[in-house]
Amino acid sequence: MKVVIIGGSGLIGSKVSGILEAAGHQVVAASRRNGIDAVTGEGLAAAIKDAEVVVDVTNSPSFEEEAVLEFFTKSSTNATSFAKHAGVKHYVLLSIVGIERLPENAYFRAKIAQEEIIKNAGVPYTIVRATQFLEFLDAIAYTSTSDDVVTVSTAYIQPIASADVAGFVADAAVNVPLNGIVEVAGPEAFPTDKLIGTYLSSKGDKRTVVGDPEAEYFGAKLEATSLVPVKSHKVGETTFEAWIKTAA
């Protein structure tokens, strides 16, 4: 079948493309690199024409409050509108575990708005909510560093490898729409400060890691389980230890 992947050139999109192409599906990687812009709508209608499935793994280039909200609302409104007009049978969205528990985070608020657009678009859908990617650990450390001290929350994090996320998204794309949400996570949960400390040490990074229950996570204070699944969820195969060996 024809599958259009919005954000198809990114970290997750490129992996989903590879999985679906290997399974024999016709994949269109819709991204600005290919002249397709979901925010403006340029080239999107033509890309979605005759598609059976649309996979939305777009990511905003800005985390600024107004910019990120505009990105997700405009891109999703355009994509779902064209998908409905084209008779798309399944819209798959990649989202984030815990977004409803952290309203202080502007990015998470924008993702909630995006989810609502998908739910109300009139196209059968599946929302795959993933925990933070293992590949995101560097960004967490970077944004939490001051004078070579990394101050991060002691709340739990259950990171998942991007390859596992792509597998779950691809699986959703070839199955029937849930018209609901499925959560996916890595196989292990760690206190954030312990995980970041171990990760940096594994790379020979000499920064000091300090755990602080009051430390904010991209503008939001975390409770112990803010970022981990609290109900039934699917579990990826890649452990932190295995991922470290391939990431090094």
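For the structure, check the block above.
These numbers were taken from a predicted model, which means no experiment stands behind them.

Caption draft 1: Representation of the pattern of salt bridges in the model. Within this structure, the stated rule accounts for eleven salt bridges. D37 is paired through a salt bridge with R32; the nearest N and O atoms lie 3.4 Å apart. The class for D37 is buried, based on a relative accessible area of 13%. Overlapping salt bridges, with partners in common, bring together E100, R101, E115, R129 and E183 in one network.

Caption draft 2: How the structure looks around the environment of P103. Examined against the element boundaries, P103 turns out to sit in the loop between β4 (90–96) and α4 (106–119). Take P103: its relative accessible area is 47%, and that puts it in the partly exposed class. Once the C-alpha coordinates of P103 and T246 are considered, the two residues, 143 residues apart in sequence, prove to be 34 Å apart.

Caption draft 3: Structural view of the environment of P61. Turning to its location among the elements, P61 is positioned in the loop between β3 (53–56) and α3 (65–86). Measuring from C-alpha to C-alpha, the distance between P61 and F71 comes to 8.5 Å, with ten residues separating the pair along the chain.

Caption draft 4: Representation of helix α1 (residues 11–22). Between its first and last C-alpha atoms α1 spans 17 Å; for twelve residues at 1.5 Å apiece the expected length is 16 Å, and the two agree. In this structure, the buried side of α1 is in contact with β1 (2–6), β2 (26–30), β4 and α6 (162–173). Directly after α1, the chain includes G24, whose backbone phi takes a positive value near 95 degrees.

Caption draft 5: The arrangement of the pairing of strand β7 (residues 149–152) in detail. Residues V150 and V152 point to one face of β7 and are all buried, whereas V149 and T151, pointing to the other face, are not buried. Relative to β7, strand β6 (residues 145–146) runs antiparallel, the two being bridged by two bridges. In the sheet register, S146 faces β7, and the bridge partner there is V149. Hairpin connection, β6 to β7: the antiparallel pair is bridged by two residues, and D147 has positive phi, about 55 degrees.

Caption draft 6: Structural detail: the side chain of T80. Tracing the backbone through its elements, the reader meets T80 in helix α3. Since its relative accessible area comes to 6%, T80 is described here as buried. Polar contacts involving the side chain of T80 include one to the main-chain carbonyl oxygen of S76, which spans 2.7 Å. There is a polar contact of 3.3 Å between the side chain of T80 and the backbone oxygen of T77. Contact partners of T80, with chain neighbours within four places excluded, come to Y91, I117, I118, A121 and V123.

Caption draft 7: Highlighting the sheet that holds strand β11 (residues 208–211). Across the sheet, three strands lie side by side as β6-β7-β11; this open sheet has mixed pairing. If you trace the sheet from one side to the other, it starts and ends with β6 and β11, each paired once. The pairing of β7 with β11 spans four bridges and is parallel. Paired with V150 across the two strands is V209, which belongs to β11. Lying over the sheet, helix α7 (residues 192–202) contacts β7 and β11, oriented at roughly 170 degrees with respect to β11.

Here is what the cut-offs are and how they apply
- Residues numbered from 1 in each chain as written.
- Predicted model: local features only at pLDDT ≥ 70, side-chain atom pairs only at ≥ 80, totals over all residues.
- Heavy atoms only, no water.
- Salt bridge = Lys/Arg side-chain N within 4 Å of Asp/Glu carboxyl O.
- Buried < 20%, exposed > 50% of the residue type's maximum accessible area, 1.4 Å probe, protein only.
- Helix = DSSP H or I, 4+ residues; strand = E, 2+ residues; numbered from the N terminus.
- Expected span 1.5 Å × (residues − 1).
- Contact = heavy atoms within 4.5 Å.
- Pairing = 2+ DSSP bridges.
- Polar contact = N/O pair within 3.5 Å; in protein donor to acceptor, adjacent residues only side chain to side chain.
- Axes fitted to C-alpha atoms, helices over the stretch in contact; angles between N-to-C directions.

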